[in-house]
Amino acid sequence: QVQLVESGGGLVQAGGSLRLSCVASGMDFSAKVMNWYRRAPGKQRELVAGITRWGSENYADSAKGRFTISRDNAKNTVYLQMNSLKPEDTAVYYCNTVVRSLDRWGQGTLVTVSS
């Protein structure tokens with residue numbers, strides 16, 4: 001079955017960096033759009049960044065200039081490099097894709113940015 005496993009979250013000071021990883025299995029990874037979402041405390045889940053099979057990227061306004069999404073199809077892995085982190089980036093970050101018309105989600109990885 002489809003599995004998405006995130007890692008790389010943690011506690012970081014404002015201005016710091018983290019790199020999130022998501023390893024996918026049970027799907028044709030190279031053919032899929034891969035996304036990173038986040039859910040901050042008390043807020044709705046929001047799209048942070050996405051990357052197409054060809055490597056085209058898109059970002060939420062809040063992520064532009066600070067976050068970079070990338071993928072390694074040989075490793076079935078999508079990354080989110082997060083720089084210049086702010087306290088408002090504190091959230092659970094989720095990897096996402098659509099397989100057979102269904103949204104698939106990982107378990108999430110918690111990012112906490114202290115001021």
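Right above here is the structure, for reference.
Residues numbered from 1 in each chain as written. Predicted model: local features only at pLDDT ≥ 70, side-chain atom pairs only at ≥ 80, totals over all residues. Heavy atoms only, no water.

A. Region of interest: the packing of aromatic side chains. Applying the stated criterion across every chain yields a total of 2 aromatic pairs. Relative to tryptophan 105, the ring of tyrosine 94 lies with its centre 6.4 Å away and its plane at 90°, an arrangement referred to as edge-to-face. Here tyrosine 94, found in strand 9 (residues 91-99), pairs with tryptophan 105, found in strand 10 (residues 102-105); they are 11 residues apart in sequence, far enough to count as distant. Given a relative accessible area of 30%, tryptophan 105 falls into the partly exposed group. Pairwise contacts between aromatic rings join Tyr37, Tyr94 and Trp105 into one cluster. Over the ring of phenylalanine 29 we find arginine 71, and its NZ or CZ is 4.6 Å from the ring centre. (Phe/Tyr/Trp six-rings, centres within 6.5 Å; stacked < 30°, edge-to-face > 60°. Helix = DSSP H or I, 4+ residues; strand = E, 2+ residues; numbered from the N terminus. Buried < 20%, exposed > 50% of the residue type's maximum accessible area, 1.4 Å probe, protein only. Lys NZ or Arg CZ within 6 Å of the ring centre and 35° of its normal.)

B. Inspection of the pairing of strand 1 (residues 3-7) at higher detail. Here strand 1 shows a clear split, with Leu4 and Glu6 buried on one side and none of Gln3, Val5 and Ser7 buried on the other. Sheet topology note: the strand 1/strand 3 (residues 18-25) ladder contains 5 bridges and is antiparallel. By the bridge assignment for strand 3, glutamate 6 is matched with cysteine 22. (Pairing = 2+ DSSP bridges.)

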